[in-house]
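Below, each chain spelled out in residue letters.
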Amino acid sequence: MRYLEITVPKGKRRAVLDILEEEGVDYVVSDETSGREYTAVVRFPVPTQAVEPLLDRLKRTGVGDEARVVVINAETVLSEGFATLQERYSYGGQTSARTSRQVLRTKADELTPPFPIYAVMLLISAVVATAGLLADSPAVVIGAMVIAPLLGPALAANIGIVTGDARLTSTGFRYQLVGVGLVVTASITLAVLARLAGLEPAGVDIVVATELEERVAPNLFSLAVALGAGIAGILSLTRGFSEAIVGVMIAAALIPPSAAVGITVAWGMSGAAIGAALLVIVNLLSLNLAALATLWVAGYRPQGLFEVSPTRTPTYTYAAIFGVGLLVLTVPLASVTLLDFHTTELESTTEAEVEGVLTDPRYDEFETEDIVIELDGNYPIQSIDRIVVTVSSQRAGPEPGLVDQLYREISPHTDDPIVVEVQYVVAEERGRTEQGDTTNGQETDVQDGPLRVSRAVDLTAGRPFSVRGAPS
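Residues numbered from 1 in each chain as written. Predicted model: local features only at pLDDT ≥ 70, side-chain atom pairs only at ≥ 80, totals over all residues. Heavy atoms only, no water.

Looking at an unreviewed UniProt entry, one finds the protein named TIGR00341 family protein and attributed to Haloarchaeobius amylolyticus.

Here it is, written out as structure tokens:
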């Protein structure tokens, strides 16, 4: 419930009181004696559901444009008249309600910090996120999300759109774009310093070695985070849920991908940088589209006959921009998703084919150790490069004909020009290394370590590569 205080301008006192009496509101009136253009101050409690329609009605009479309105949370109201009013505004038996449109604007403003504070907090978040990604530390990356002040700007823009507040819209979009730019710039700077300082070893695939892989080759499932964050963010403001938790969710959609852009740029990986940037843009569009749609469906727009039109057109325009942009940019995400499905299917099929081949009596001594589908690393849209099959046996050396037979069984399941590689793992052990363990009364230790031997065949040409072997 809310407690409203309206300072009534001259000539509007009777109009305000007539509306309150028609609504059945219990009010008190006191004269305004400051000598300014106001004549009275009216105070009254109303159910939360009644705030928005009551203020809309006052505005349509011309009172709302000149009056000063203060809305305060009220803990308890003991009044038979208020109970009747609460029952009247209890839609479907629900006494709790959404936040009024007027209060929603204020909350969005409050959640958008002053720009200097916003910039400093984002720079700190960018440094922490970049360090977490380079260190491959999920806990540090989560910490970066917690301190990122992105909730207010992400929601303010769309609240401004549906309520016709151009200032709020402009501030929200400006904060979002500048914020992402700050994170990317800070991440590039820190990643370059890390490379110059030798904190990351040269020759290492930084994408594979860190938490970047899922962010430089995003799939359609990446949309779920941003879409869910947009919906949850609006619900947190309108229904009183925890904004802090939702803020972390919004940061999860924007901070790590933006930091990934900076790291891959610093490493000179243009394809990976494009993939991460694609994810950032898609998440921004998804977040705003979800927030805008949730607000409009929930009815957060001017309700009067002449007030719907001014906001309807901008809302549809922005929704179209977000939607079309999202559809275009999700094409590469769909390609990555299809590749993921194909890779999973091929891995399962390869496993079955390998098991089938090894049932041949000639290969009784071999057992499957591992099957890996390796991609070519051409981000953001990769392709299958090779299939690595690891088998173990008790003797060293490759088995003649095994790799060729695996080629014949696996090749029909893919159209990609790939390489199949069979790795042979041989291990021999004598004695034990435990303290005091003996063999024939003598302490012994391991005499021979595992031996890895590999042989590869190019499936496109069917010619074997040279056999490679090295103790490990």
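Having seen the model, we can carry on.
With that settled, the discussion passes to the side chain of R2. Along the polypeptide, R2 turns up in strand 1 (residues 2–9). Under the relative-accessibility criterion, R2 is labelled buried at 16%. A distance of 3.0 Å separates the side chain of R2 from the side chain of N73, its partner in a polar contact. Non-local contacts of R2, meaning those with residues more than four positions away in its chain, are made with F44, P45, V46, T48, V51, V71, I72, N73 and A74. (Helix = DSSP H or I, 4+ residues; strand = E, 2+ residues; numbered from the N terminus. Buried < 20%, exposed > 50% of the residue type's maximum accessible area, 1.4 Å probe, protein only. Polar contact = N/O pair within 3.5 Å; in protein donor to acceptor, adjacent residues only side chain to side chain. Contact = heavy atoms within 4.5 Å.)

Now for the sheet that holds strand 3 (residues 38–46). As summarised here, the arrangement of the four strands in space is 2-3-1-4, forming an open sheet in which the pairing is antiparallel. Of all strands in the sheet, those bounded by a partner on one side alone are strand 2 (28–31) and strand 4 (68–73). Going across the sheet, the axis of each strand differs from the next one's by a mean of 15°, ignoring polarity. Across eight bridges, strand 1 lies against strand 3 in antiparallel orientation. When the bridges of strand 3 are listed, T7 appears paired with V41. (Pairing = 2+ DSSP bridges. Axes fitted to C-alpha atoms, helices over the stretch in contact; angles between N-to-C directions.)

Attention now goes to unusual backbone geometry. At the junction of Y379 and P380, the peptide bond is cis and its omega measures out at 0° in the coordinates. Here P380 is to be found in the loop between strand 5 (367–375) and strand 6 (384–393). Of note in the backbone geometry, D136 takes a positive phi value of approximately 55° without being a glycine. Within the element layout of this structure, D136 appears in the loop between helix 5 (115–134) and helix 6 (138–147). When its relative accessible area of 38% is taken as the criterion, D136 is described as partly exposed.

This part is about the pattern of salt bridges. A full pass over the atoms with the stated rule returns 11 salt bridges. The residue R57 makes a salt bridge to E22 at a minimum N-O spacing of 2.0 Å. Of this pair, R57 sits in helix 2 (residues 48–60) while E22 sits in helix 1 (residues 13–23), and the two are 35 residues apart along the sequence. Notably, a salt bridge pairs R386 with D385, separated by 3.5 Å at the nearest N-O pair. On the basis of relative accessible area, D385 is assigned to the partly exposed category, the value being 29%. (Salt bridge = Lys/Arg side-chain N within 4 Å of Asp/Glu carboxyl O.)

Moving on, we get to the environment of P398. In this structure, P398 sits in the loop between strand 6 and helix 15 (402–410). Put simply, P398 and Q423 are 25 residues apart on the chain and 8.3 Å apart in space, counted from C-alpha to C-alpha.

Now for the side chain of S258. Looking at the secondary structure, you find S258 in helix 12 (residues 243–266). Discounting residues that sit within four places of it in the chain, S258 has contacts with V180, V183, V184, S187 and V280.

Among the surface-exposed residues, E347, E351, E355, E367, E369 and D370 lie close enough to one another that they form a single negatively charged patch. For the negative patch, the elements supplying multiple residues, two or more each, are helix 14 (308–358) and strand 5. Assessed through its relative accessible area of 39%, E355 is described here as partly exposed. (Patch = residues over 30% accessible without salt bridge, like charges linked within 9 Å, V, L, I, M, F, W, Y side chains within 5 Å. Areas by Shrake-Rupley, 256 points an atom, 1.4 Å probe, with all protein chains shown as cover. Lys, Arg positive; Asp, Glu negative; His and termini not counted. Charge placed at Lys NZ, Arg CZ, Asp CG, Glu CD.)

Under the counting rule described, the total for this entry stands at 10 aromatic pairs. With a centroid separation of 6.2 Å and an interplanar angle of 65°, the aromatic rings of F173 and F322 are classed as edge-to-face. In this pair, F173 sits in helix 8 (residues 166–196) while F322 sits in helix 14, placing the two residues 149 residues apart along the sequence. Geometrically, the ring pair formed by F366 and Y424 is edge-to-face, given 6.0 Å between the ring centres and 65° between the ring planes. Separated by 58 residues along the polypeptide, F366 in the loop between helix 14 and strand 5 and Y424 in strand 7 (residues 419–426) bring together distant segments of the chain. Both residues of the pair, F366 and Y424, count as buried. Ring-pair connections join several aromatic residues into one group, and the members of that group are F115, Y118 and Y175. Here the guanidinium or amino end of R68 rests over the ring plane of Y38, the centre of that ring lying 5.5 Å away. Here the basic side chain of R195 rests over the ring of W267, its NZ or CZ set 4.9 Å away from the ring centre. (Phe/Tyr/Trp six-rings, centres within 6.5 Å; stacked < 30°, edge-to-face > 60°. Lys NZ or Arg CZ within 6 Å of the ring centre and 35° of its normal.)

Contact geometry of helix 5 with helix 8 gives a least axis separation of 8 Å together with a crossing angle of 40°. Overall, the two elements helix 5 and helix 8 adopt an arrangement that is oblique. The element helix 5 and its partner helix 8 pack so that their crossing is right-handed. Between helix 5, through F115, Y118, A119, L122, L123, A126, V127, T130, A131 and L134, and helix 8, the contact on the second element is made entirely by Y175, Q176, V178, G179, L182, V183, A186, S187, L190, A191 and A194. Along the lines of polarity and charge, the residues of the contact of helix 5 with helix 8 split into 17 nonpolar, four polar and no charged. (Parallel < 35°, antiparallel > 145°, perpendicular 65-115°, else oblique. Left-handed = near helix turned anticlockwise from the far one by under 90°. Nonpolar A, V, L, I, M, F, W, Y, C, P; charged D, E, K, R; others polar.)

For the rest of this paragraph, the subject is the nonpolar core. Residues L150, I159, I206, I250, I255, I263 and W267 are the most contacted members of the largest nonpolar core, which totals 68 residues. In terms of residues, this core owes the most to one element, helix 13 (residues 270–297), which gives 12 residues. Within the second largest apolar cluster, 21 residues are counted, among which are L358, F366, I384 and V391. (Core = buried A, V, L, I, M, F, W, Y, C linked by side-chain atoms within 4.5 Å.)

This part is about a nonpolar patch on the surface. Together, I117, V120, M121 and I124 make up a nonpolar patch on the protein surface, roughly 320 Å² of accessible area in all. Mapped onto the secondary structure, I124 falls in helix 5.

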